[in-house]
Amino acid sequence: MTDQPTGLIIVVSAPSGGGKSSLCQRLLNWSPKLVYSVSCTTRAPRGGEQHGHDYFFLSQEEFEQRIQAGDFLEYARYNGNYYGTPRSFLEEQLAAGKDVLLDIEVQGAGQVIHRVRGGGFAYPDALVTMFLMPPSPELLETRLRRRGTDSDETIRKRLALAQQEMAHWHEYDYVIVSGHLDDDFEQGKSIIIAEKRRTARQPKDKPWQQNELSF
């Protein structure tokens, strides 16, 4: 057991169009103790996206300078653009006892798993990982086309990449076969509650009296 409640690093991954952004938003709306880790990216903003809220939008030069400075817990080049998780924000939130939600793709998640659990990170036992698996390639294609933001060529590339990403589901702690958003949310919520209830994560002195167990 710990002297104080331990925050979680909650990683959610899925192929593009797999529903992870919707799931993450529902989880954030559910728990006021859960904060979203805003990633950095070099891709252009999509309609309505805001700098500092959806992403930190950087130039490729800025992003690569931050790589050299060691500013990212993880970073990856995905579909021609960089994406990365700022290390400082994550450490600050965990130190404050917050749970941090990371909406990241498979390559970046692999780096997080390696760096957090591989040693040298202040909270090696804080990590919980979930993979949101589309029920079928056909439904995934339907979701991508419904967005109306990508060309046929881009969708074809995303579907090919999705096949590679789905092969990594067994590297995660949990897998959720994505169906209705309500069902996905209930499963994700149950995973977080169970992980927060682990005895090893409770304060030594009368954990049943701690408000930290509530959401």
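Numbering of residues starts from 1 in every chain and runs along the sequence as written. Reporting of local features is limited, given that this is a predicted model, to residues whose pLDDT is at least 70; pairs of side-chain atoms are given and counted only at 80 or more, and all residues count toward the totals for whole chains, interfaces and linings. Side-chain measures were taken over the full set of non-hydrogen atoms in the model, leaving aside hydrogen atoms and water.

Draft legend 1. Region of the structure containing the pairing of strand E7 (residues 99-103). Burial here depends on accessible area, computed with a 1.4 Å probe over protein chains only, as a share of the maximum for the residue type. Under 20% is buried, over 50% is exposed, and the range in between is partly exposed. Each helix is a run of DSSP H or I of at least 4 residues and each strand a run of E of at least 2, with the numbering of both proceeding from the N terminus. Counting buried residues along E7, five of its five residues qualify, which places the element largely inside the surrounding structure. Judged by which residues are buried, E7 turns out to be covered on both faces: Asp99, Leu101 and Asp103 on one side and Val100 and Leu102 on the other are all buried. Bridge count between strand E1 (residues 9-13) and E7: four bridges; the pairing is parallel. In the strand pairing of E7, valine 12 is matched with aspartate 103. Both strand E2 (residues 34-36) and E7 contribute to a ladder of three bridges, which runs parallel. Within E7, the residue paired with tyrosine 36 across the bridge is leucine 101. Between any two strands, at least two bridges found by DSSP are needed for them to pair.

Draft legend 2. Local environment of the packing of helix H1 (residues 20-30) against helix H7 (residues 181-196). The contact between H1 and H7 brings their axes to 9 Å, and the two run at 55 degrees. Considering their axes alone, H1 and H7 lie oblique with respect to each other. Here the hand of the crossing between H1 and H7 comes out right-handed. Seen from H1, the contacting residues are Ser22, Leu23, Arg26, Leu27 and Trp30; seen from H7, they are Leu181, Asp182, Asp184, Phe185, Gly188, Lys189, Ile192 and Ile193. In this classification, Asp, Glu, Lys and Arg are treated as charged, Ala, Val, Leu, Ile, Met, Phe, Trp, Tyr, Cys and Pro as nonpolar, and every other residue, Gly included, as polar. Within the contact of H1 with H7, the residues separate by chemical class into seven nonpolar, two polar and four charged. With axes taken as lines fitted to C-alpha atoms, and helix axes fitted only over the stretch in contact, angles between N-to-C directions fall between 0 and 180 degrees. Each angle gets one of four labels, with under 35 degrees taken as roughly parallel, over 145 as roughly antiparallel, 65 to 115 as roughly perpendicular, and the rest as oblique. Left-handed is the label given to a crossing in which the near helix is rotated counterclockwise from the far helix by less than a right angle, and right-handed is the label when the rotation is clockwise. Contacts are residue-level and defined by heavy atoms, with any inter-residue pair within 4.5 Å sufficient.

Draft legend 3. Highlighting the environment of glutamate 165. Mapped onto the fold, glutamate 165 is located in helix H6 (residues 152-166). Distance in space between the C-alpha atoms of glutamate 165 and methionine 133 is 9.8 Å, their sequence separation being 32 residues. Ignoring any residue separated from it by four or fewer positions in sequence, one finds glutamate 165 in contact with Ala14, Pro15, Ser16, Tyr78, Glu105, Val106 and Phe131.

Draft legend 4. Representation of the sheet that holds E1. Strands sit in the order E2-E7-E1-E8-E9 across an open sheet of five strands; the sheet is parallel. Sheet topology places E2 and strand E9 (174-177) at the edges, where each strand pairs with a single neighbour. When strand polarity is set aside, the average angle formed by the axes of neighbouring strands in this sheet is 25 degrees. Contacting E1, E2, E7 and strand E8 (127-133), H1 crosses the sheet at an angle of about 165 degrees to E7. Along the sheet, H7 contacts E1, E7, E8 and E9; its crossing angle with E9, the most-contacted strand, is approximately 165 degrees.

Draft legend 5. Main features of the state of the cysteines. Two cysteine sulfur atoms form a disulfide, by the criterion used here, when they sit within 2.5 Å. Tallied over the full model, the rule gives zero disulfides. Here cysteine 24 stays unpaired: no disulfide links it, and the sulfur of cysteine 40, its closest cysteine neighbor, is 17 Å away. Owing to a relative accessible area of 2%, cysteine 24 belongs among the buried residues under this scheme.

Draft legend 6. Layout of the pattern of salt bridges. Every case where a carboxyl oxygen of Asp or Glu lies within 4 Å of a side-chain nitrogen of Lys or Arg is listed as a salt bridge. Here the structure, examined in full by the defined rule, presents 11 salt bridges. Across the pair aspartate 173 and arginine 117 runs a salt bridge whose closest N-O atoms are separated by 2.9 Å. Taken as a pair, aspartate 173 in the loop between H6 and E9 and arginine 117 in helix H4 (residues 106-117) lie far apart in primary sequence, 56 residues in all. Residue glutamate 186 pairs with lysine 189 through a salt bridge whose shortest N-O separation is 3.5 Å. A residue pair is termed a helical-turn pair when its members lie 3 or 4 positions apart in one helix, as glutamate 186 and lysine 189 do in helix H7 at three residues. Connected through shared salt-bridge partners, Glu195, Arg198 and Arg201 make up one network.

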